Amino acid sequence: MENIQLLQKAGLNEKQAKAYYCLLENGAQTPLELSENIKESRENCYAILKRLAELELVEQLPSKKTTYRALNPSNLEVLAEKRRKLMAKNEKAIKDNISSLLSVFYSNNEMPGSRTLEGIEGIKEVYNDMLRVKEDVYFIRTKADKALGHDGIQDSFIRRYRDRRPLLGIHTYGLTPVLKLAIQNQKNGRDRSINFHRTWMPENAYESPVEIDVYGDKVAFISFGESMMATIITSPAIAESIRWILKTLMDFYRENFQQEW
């Protein structure tokens, strides 16, 4: 049973796994002999053997009587690698095109969806998701984001993310504390070059270690605390509500916290 499960992990279904293992264990067999051994109809065995031959796991012997034998199990590694690549391709296709399905869902249902991601790689996925959505981003920055900032080990990733936003037509509206690097980016034109529109807030105005981002129909809460994680909520109503709050805060600080550099 353990070997059957291993074969299924390589990409075979249960019937294919049983047929292949039976040939491995008992040697060459006719479809009739195989059907008796694995308790399948002869018609099903012909179909199973045809598929196993396509996967290069069995071959038909050159004899008058139709007979098949198992090929080397090392071919399973090739099958598993093909399956891995197909799964990765399918995952990318789903991520890149999920918005059309979400549009249908939200036009008929107000129930929000949520997704929680852990660690640095999970946080990176949020930023990658912003690039896939290709909508303007509104966010409030936390000073706790050092792990992805200019002092962090992920410096190259965050630079690539910021540089790709304008190439995709994304404008970013940030409520950020007054920090030395931020001032430099505004003065040297870096903000303008990446379509970044900055609103200043006092350095200690927002002490939470959580960055909040709104893009399209999504809201992301990115925690840079002791447990680094992120949660994405997909809901047009919630996204519009948080976007309104951030815009209102930006209007307030533009009117009441003017800075001259």
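See the structure shown above.
This text gives an overview of the structure that appears in the document. (Residues numbered from 1 in each chain as written. Predicted model: local features only at pLDDT ≥ 70, side-chain atom pairs only at ≥ 80, totals over all residues. Heavy atoms only, no water.)

### With respect to the overall build of the protein chain
Along the backbone of the protein chain there are ten helices and nine strands. Taking 18 Å as the expected radius of gyration for a compact globule of 261 residues, we find that the protein chain reaches 28 Å, considerably beyond that expectation. Structurally, the protein chain occupies a C-alpha span of about 90 × 40 × 35 Å along its principal axes. The buried share of the protein chain, reckoned over its 261 residues, is 38%. Restricting to contacts in the protein chain with at least 6 residues of sequence separation, those with at least 24 account for 64%. For the protein chain, the exposed area adds up to about 15,600 Å²; of that, 51% sits on carbon and sulfur atoms. (Helix = DSSP H or I, 4+ residues; strand = E, 2+ residues; numbered from the N terminus. Rg over C-alpha atoms; globule rule 2.2 N^0.38 Å. Buried < 20%, exposed > 50% of the residue type's maximum accessible area, 1.4 Å probe, protein only. Contact = heavy atoms within 4.5 Å. Areas by Shrake-Rupley, 256 points an atom, 1.4 Å probe, with all protein chains shown as cover.)

### A word on the environment of Trp244
Examined against the element boundaries, Trp244 turns out to sit in helix α10 (residues 236-256). Each C-alpha atom, one on Trp244 and one on Val214, is 9.9 Å from the other, the two residues being 30 residues apart in sequence.

### Re the state of the cysteines
Enumeration over the complete set of coordinates arrives at zero disulfides. This cysteine, Cys22, is not joined by any disulfide, and Cys45 carries the nearest cysteine sulfur, 8.7 Å off. Judged by relative accessible area, Cys45 falls into the buried class, the value being 0%. (Disulfide = S-S within 2.5 Å.)

### So, helix α8 (residues 180-187)
Those residues of α8 that sit buried are Ala182, Ile183 and Asn185. Down the axis of α8, the buried set is contained in an arc of 160°. They therefore lie on one face. Residues Lys180 and Lys187 are exposed on α8 and point more than 90 degrees away from its buried face. Packed against the buried residues of α8 are β5 (172-177), α9 (190-193) and β6 (196-201). (Arc of directions from axis to C-beta.)

### Here's the deal with the pairing of strand β4 (residues 137-140)
Neither face of β4 is open: one carries Val137 and Phe139, the other Tyr138 and Ile140, and all of them are buried. Bridge count for β4 against β5 is four bridges, and the pairing is parallel. Among the inter-strand pairings, Ile140 is bridged to a residue of β5, identified as Leu175. (Pairing = 2+ DSSP bridges.)

### Comments concerning the nonpolar core
One finds Leu12, Tyr20, Leu34, Leu52, Leu57 and Leu76 to be the most contacted residues of the largest nonpolar core, which totals 21 residues. Among the elements that line this core, the one with the most residues is helix α2 (residues 14-26), at five residues. Counting 17 residues, the second largest nonpolar core, distinct from the first, contains Phe157, Tyr215, Ile222 and Ile232. (Core = buried A, V, L, I, M, F, W, Y, C linked by side-chain atoms within 4.5 Å.)

### Some points on the side chain of Thr176
Considering the arrangement of structural elements, one finds Thr176 in strand β5. Among the residues examined, Thr176 registers a relative accessible area of 2% and is labelled buried. Contacts of Thr176, omitting those with residues within four sequence positions, involve Phe139, Arg141, Phe196, Arg198, Thr199, Trp200 and Met201.

On their own, these measurements won't tell you what the molecule is for.
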